[in-house]
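# Structure at a glance
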Amino acid sequence: MLGTFAGVFTPSILTILGIILFLRTGYVVGNGGLVGALLIIAIATAVSILTSISLAAIATNIDVKGGGDYYLISRTLGLEFGGAIGVVLFLAQSVSIAFYAIGFGEATSAIAGWESRLVVQVIAAIAVLVLFAFAWAGADVATKLQFVVMVVLVAALVSFYIGSISAFDSQTLGDSWAAPTGAVGFWVAFAIFFPAVTGFTQGVSMSGDLRNPGRSLPIGTFTAVGLSTVVYVSVAILLAGGAPLSVLVTDDGSAMRHIAVIGALVALGVIAATLSSSMASLLGAPRILQSMASDRVFPLIGWFAEGEGDANNPRRAVVLSLAIAMATILLGSVNVIAPVVSMFFLVSYGLINYATYYEARAGSPSFRPRFRFFNKGASLAGAILCVAAMLAINPIAGAAAIVLLFLIYQYLRRRAIPERWADAAHSHHFQRAVENIRALDGEIEHARNWRPQILVFSADTGRRARLLTFAKWIEGNSGLTAAFRIVPGKGIRKRIETDRQQEELQSEIADLGLEVHGRAILAADGMDALPVIVQSFGLGRIRANVVLFGWPESPDPAALGSYVGAISDVARLGVSVMSLSTDELRWGRFTSTPRKRRNITLWWEDDDSGRLALMTAYLCTRDPEWQHATIRLVADAGQDANATKAHLESMLEGARIDADVVTIDQATSEDVVRVCADATLVLMPMRLRRGELLDPFGGDMVALASLLPMTAAIHAGAPIVLDTDPASGLAESLATAERSVDEARERLRNLENQLDEANAVVATLRDGADPDPARQAEAIAEAQDRLERVHRRTLSARARVERTDADVQALLQHRLRT
């Protein structure tokens, strides 16, 4: 196992101080000027520092294993995001093998004086094959090679720094301040330079080979990033002062060799750095693929999960990385491959930063990183900076990379891979739920916001399946359903039975494929527990407004009395009640009826129960089972059948519900049975009276339902409004009351001004010396009379302000209570 220096710092620093440092830093300075080059270095370093902060936070919060960045993201954002970024990272590092190998080929060709592109490709291919042998042997053998490379790299930099002392010219530095005319664009230069800073994740890729990943990753990564930043900034300044821009604008690494006191050392540094960087990528990429294969993220990649030896060396994945690198070498140019590598890594770094922000934003108590300098704002800034850089480099390629990531994510999401570990999704969704519930509490309760929030009670498995399906229909994709199974009794044995019932209920819901919350409740007495469950269900504005029961199972009067009592108890709580009358025969009639031939027939009563029945019919048509069904509204014709029909059609138009209207003269229950004979579903308003369930005609609802197709008897426990104005109800009353307060206060201010003026007039008249005392006395009397009138009106205005303000406070209190 590896420590901080050998496992994190060394591979990271050698990859960062690699091909770009020796072959392209002069090119970046020559095309961007010193200011542009330093800005490019600053942006790239900002990305690496912010991403390093995010990596340090995640790495010190979980037990890091093999797979590097993929492991961190998959254990934070989940398998879908992890799999998507794992593919990108594997490709990025596999392409990087070729990227650094081609750099080695260019350097070797330049030293030997060969200018053929084919020669560069051949040298690169030979280099990759040699490195493949080290990777095949394992990380321990490959790591030993890196210490030799580091010695050569340090010698090359020392040679350059010493030579820069004599080559540096302040005049040349001043001339190199701005970008020259005809240079490549800023973001083109940035795309070529950015792979320089991607090496800081090489240590993360080796996480499975570290003794203490939680300690080694942040220390090794930050040390490598800090030291490399100093090197790049200093080299850029020294190149700007040591060679004119006319030379640097086409520089391929020769400027550093000419400035160095021993140019051969720089050449050796290029060769060593490129080989080391390629080696690091050849070690990192296979381990990402091996980790994904172990997690069975994609089909047909399980073969790559197998490793060799005690270190579990991923030799099979090494072979695939070799194949990708060889294919990439055919492109044959560092400048061509560099933007591709930049795009891949920017995508991965953006997601690493977002993953960390996502985890921190969720506020989970389990997120306790030992890294003290973490800030979720820094992670969000890092994610935004990565996306901005992608779009600035190449908007089309950047958008394409994001789309590719999204498509892979959607593919993995649709595969519905079973969850194998806990990630931050639970905390994130919980936090959002809490925030949304609090936001709902601050909203005004209004009839137009009514949504079905349904509780289903049933002890019979077969009946419960039909009830839950019916609840799904009347949700209309706009509400929620919870299924309860009350287990009567107490004691440890009943507790065990309740747990078993809970598992069976959840399994039944899963088999039905419904989005229903299931709960088994232990209660000493089921009938006593029922109203308590209804009242206590939910949180804030999310609370039950509909309770769904199955039809009475037994004609026994005592059992029926208990059933009616349960419905009455719920209705007295202001909660609507529905009771579904169906059996295997009638359910089979529903399933055998083609969707386009189904119809929902409801008996219309001009009350809240009738309006709830109509709303239920409409909500059913929002479900795929009923989206082609027709709604038929049946009503008593009254004294004028035409007028009744016109009135109902107008009501339906105002409610924006399509339905056919049928009127019956002096309708009876027999007429209802006749008209509903061809219905697929019947919705019937229900009345409760003295322990009985009554139909709209005052008859026995149980008897009527037995003669009908599948029927839902409905009793509204609260007002139901179909045609709602957004400004109506409590919202309108509150707005009106607030306007009255404003008007009353404005009137009071005017009267108080008039009162001050009247007092001033009286005081002036009393102090004046009128030669006619009688006239003065008359004027004072008139002024005092006006003063008293204004005073009375002022008192009245103050009382009105107090009354209207009290009205507003009362409405606000009512809104809080509801």
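Structure's up top.
In this report, we go over the structure that sits alongside the text. (Residues numbered from 1 in each chain as written. Predicted model: local features only at pLDDT ≥ 70, side-chain atom pairs only at ≥ 80, totals over all residues. Heavy atoms only, no water.)

### As for the packing of aromatic side chains
Going through the model one piece at a time under the given rule, you end up with 30 aromatic pairs. Arranged with centres 5.3 Å apart and planes meeting at 85°, the rings of phenylalanine 193 and tyrosine 232 form a pair that is edge-to-face. Of this pair, phenylalanine 193 sits in helix H9 (residues 186–193) while tyrosine 232 sits in helix H11 (residues 213–242), and the two are 39 residues apart along the sequence. This pair shows no difference in class: phenylalanine 193 is buried, exactly as tyrosine 232 is. Where tryptophan 473 meets tryptophan 587, the ring centres are 5.5 Å apart and the plane angle is 5°; that geometry is what we call stacked. Taken together, the residues span a long stretch of sequence, with tryptophan 473 in helix H20 (residues 461–475) and tryptophan 587 in helix H24 (residues 584–592) at a distance of 114 residues. Assigned by exposure class, tryptophan 473 and tryptophan 587 land together as buried. Sitting over the ring of tryptophan 626, arginine 598 keeps its end group 5.8 Å from the ring centre. (Phe/Tyr/Trp six-rings, centres within 6.5 Å; stacked < 30°, edge-to-face > 60°. Helix = DSSP H or I, 4+ residues; strand = E, 2+ residues; numbered from the N terminus. Buried < 20%, exposed > 50% of the residue type's maximum accessible area, 1.4 Å probe, protein only. Lys NZ or Arg CZ within 6 Å of the ring centre and 35° of its normal.)

### Description of the sheet that holds strand E8 (residues 660–664)
On the basis of which strands lie adjacent, the open sheet formed by 10 strands has the order E3-E2-E1-E4-E5-E12-E9-E6-E7-E8 and mixed pairing. Either end of the sheet is taken by a strand with one partner, and the two such strands are strand E3 (517–523) and E8. Neighbour-to-neighbour, the strand axes of the sheet open up by a mean angle of 25°, direction not taken into account. Alignment of strand E2 (residues 480–488) against E3, held across 7 bridges, turns out to be parallel. Bridging across to E3, alanine 483 finds its partner in glycine 518. Strand contacts of helix H21 (residues 492–512): E2 and E3, with the helix running at about 160° to E3, the strand carrying the most contacts. (Pairing = 2+ DSSP bridges. Axes fitted to C-alpha atoms, helices over the stretch in contact; angles between N-to-C directions. Contact = heavy atoms within 4.5 Å.)

### Some details on the pairing of strand E12 (residues 711–715)
In terms of burial, E12 is largely enclosed, as 5 of its 5 residues are buried. Direction of pairing for strand E5 (residues 576–581) relative to E12: antiparallel, over a ladder of 5 bridges. Among the inter-strand pairings, valine 577 is bridged to a residue of E12, identified as histidine 715. When strand E9 (residues 681–685) meets E12, the two strands line up parallel, connected through 4 bridges. The residue bridging proline 685 from the neighbouring strand is isoleucine 714, located in E12.

### Describing a positive patch on the surface
A cluster of basic residues, Arg747, Arg786, Arg793, Arg800 and Arg803, forms a positive patch on the protein surface. By the element assignment, arginine 800 lies in helix H30 (residues 773–817). (Patch = residues over 30% accessible without salt bridge, like charges linked within 9 Å, V, L, I, M, F, W, Y side chains within 5 Å. Areas by Shrake-Rupley, 256 points an atom, 1.4 Å probe, with all protein chains shown as cover. Salt bridge = Lys/Arg side-chain N within 4 Å of Asp/Glu carboxyl O. Lys, Arg positive; Asp, Glu negative; His and termini not counted. Charge placed at Lys NZ, Arg CZ, Asp CG, Glu CD.)

### Observations concerning the pattern of salt bridges
Under the defined criterion, the tally for this structure stands at 21 salt bridges. Notably, a salt bridge pairs arginine 24 with glutamate 106, separated by 3.3 Å at the nearest N-O pair. Of this pair, arginine 24 sits in the loop between helix H2 (19–23) and helix H3 (25–59) while glutamate 106 sits in helix H5 (residues 79–112), and the two are 82 residues apart along the sequence. Taking relative accessible area as the criterion, glutamate 106 reaches 21% and is therefore assigned partly exposed. In this structure, aspartate 608 engages arginine 611 in a salt bridge whose closest nitrogen and oxygen atoms are separated by 3.0 Å. Of this pair, aspartate 608 and arginine 611 both sit in helix H25 (residues 608–620), separated by 3 residues, roughly a single helical turn.

### Here we look at the nonpolar core
Core analysis: the largest hydrophobic core is formed by 129 residues, its most contacted members being Leu17, Phe22, Phe193, Phe194 and Tyr232. The leading source of residues in this core is H5, at 15 residues. If sequence neighbours within four positions are ignored, leucine 17 has contacts with Phe22, Leu153, Leu157, Ser228, Val231, Tyr232 and Ala273. The next biggest cluster of nonpolar side chains, apart from the first, holds 48 residues, and it includes Leu602, Leu614, Met710 and Ile714. (Core = buried A, V, L, I, M, F, W, Y, C linked by side-chain atoms within 4.5 Å.)

### Some thoughts on the packing of H3 against H9
One way to put it is that H3 packs onto H9 with a least axis distance of 9 Å and a crossing angle of 65°. As summarised for this structure, H3 and H9 are arranged roughly perpendicular, according to the angle between their axes. Remark: the crossing between H3 and H9 carries right-handed chirality. Here Tyr27, Val28, Gly36, Leu39, Ile40, Ile41, Ile43 and Ala44 of H3 lie close against H9, whose contacting residues are Phe186, Trp187, Ala189, Phe190, Ile192 and Phe193. (Parallel < 35°, antiparallel > 145°, perpendicular 65-115°, else oblique. Left-handed = near helix turned anticlockwise from the far one by under 90°.)

### What to know about the environment of leucine 455
In this structure, leucine 455 sits in strand E1 (residues 453–457). It is 20 Å that separates the C-alpha atoms of leucine 455 and aspartate 499, two residues lying 44 residues apart in sequence. The contact partners of leucine 455, leaving out residues within four places of it in the chain, are Ala482, Phe484, Ile533, Val534, Phe537, Ala544, Val546, Val547 and Leu548.

### Some details on helix H26 (residues 641–655)
Relative to the 21 Å expected for 15 residues at 1.5 Å per residue, H26 spans 21 Å between its end C-alpha atoms, a close match to the ideal helical length. Every buried residue of H26 is accounted for by Thr644, Leu648, Met651, Leu652 and Ala655. The arc that holds the buried residues of H26, viewed along the axis, is 100°, so those residues lie on one side. Of the exposed residues in H26, the ones pointing more than 90 degrees away from its buried face are Asn642 and Glu653. (Expected span 1.5 Å × (residues − 1). Arc of directions from axis to C-beta.)

### Observations concerning unusual backbone geometry
Notably, asparagine 477 is not glycine yet its phi reads approximately 60°, a positive angle. Although it is not a glycine, arginine 656 sits at a positive phi angle of roughly 60°. With respect to the helices and strands, arginine 656 occurs in the loop between H26 and E8. Overall, arginine 656 belongs to the exposed group, its relative accessible area being 57%.

### Brief notes about the state of the cysteines
Under the definition given, this model contains 0 disulfides. Not part of a disulfide, cysteine 676 finds its nearest cysteine sulfur in cysteine 620, a span of 15 Å. A relative accessible area of 4% places cysteine 676 in the buried class. (Disulfide = S-S within 2.5 Å.)

### Thoughts on helix H23 (residues 557–571)
Here H23 contains 15 residues, and its C-alpha end-to-end distance of 21 Å stays within 8% of the 21 Å for a straight helix at 1.5 Å per residue. Where H23 is buried, its residues meet helix H22 (526–536), strand E4 (546–550), E5, strand E10 (687–689), strand E11 (692–694) and E12.

### Focus on the packing of helix H1 (residues 4–16) against H11
At their nearest, the axes of H1 and H11 sit 8 Å apart, and the two run at 30° to each other. Classified by the angle between their axes, H1 and H11 sit roughly parallel to one another. Like other packed secondary-structure pairs, H1 and H11 cross with a definite hand, here right-handed. Mapping the contact onto sequence places Thr4, Val8, Phe9, Ser12, Ile13 and Ile16 in H1 and Arg215, Ser216, Leu217, Ile219, Gly220, Thr221, Thr223, Ala224, Leu227, Ser228 and Tyr232 in H11. Among the residues making up the contact of H1 with H11, the classes are represented as 9 nonpolar, 7 polar and 1 charged. (Nonpolar A, V, L, I, M, F, W, Y, C, P; charged D, E, K, R; others polar.)

### Describing the side chain of arginine 464
Along the polypeptide, arginine 464 turns up in helix H20. According to the relative accessible area criterion, arginine 464 is buried, its value standing at 4%. Side-chain polar atoms of arginine 464 contact the backbone oxygen of serine 458, separated by 2.8 Å. Not counting residues up to four positions away in its chain, the partners in contact with arginine 464 are Ser458, Ala459, Arg485, Leu505 and Glu508. (Polar contact = N/O pair within 3.5 Å; in protein donor to acceptor, adjacent residues only side chain to side chain.)

### Points about a nonpolar patch on the surface
Taken together, the side chains of Val154, Val158, Ile162, Val261 and Ile262 define a hydrophobic patch exposed on the protein surface, amounting to about 420 Å² of accessible area. Residue placement: valine 154 occurs in helix H7 (residues 139–167). Given a relative accessible area of 48%, valine 154 falls into the partly exposed group.

### Here's the deal with the side chain of histidine 715
Examined against the element boundaries, histidine 715 turns out to sit in strand E12. For histidine 715, a relative accessible area of 18% corresponds to the buried category. For histidine 715, the side chain forms a polar contact with the main-chain oxygen of methionine 686, separated by 3.2 Å. Residues within four places of histidine 715 in sequence aside, it is in contact with Ala571, Ser576, Val577, Ser609, Leu612, Met686, Arg687 and Leu688.

### Things to note about the environment of lysine 472
On the secondary structure map, lysine 472 appears in helix H20. Residues lysine 472 and leucine 514, spaced 42 residues apart in sequence, show a C-alpha to C-alpha distance of 7.6 Å. Apart from the residues within four sequence positions on either side, lysine 472 is in contact with Leu514 and Asp623. Of the polar contacts made by the side chain of lysine 472, one reaches the side chain of aspartate 623; its length is 2.6 Å.

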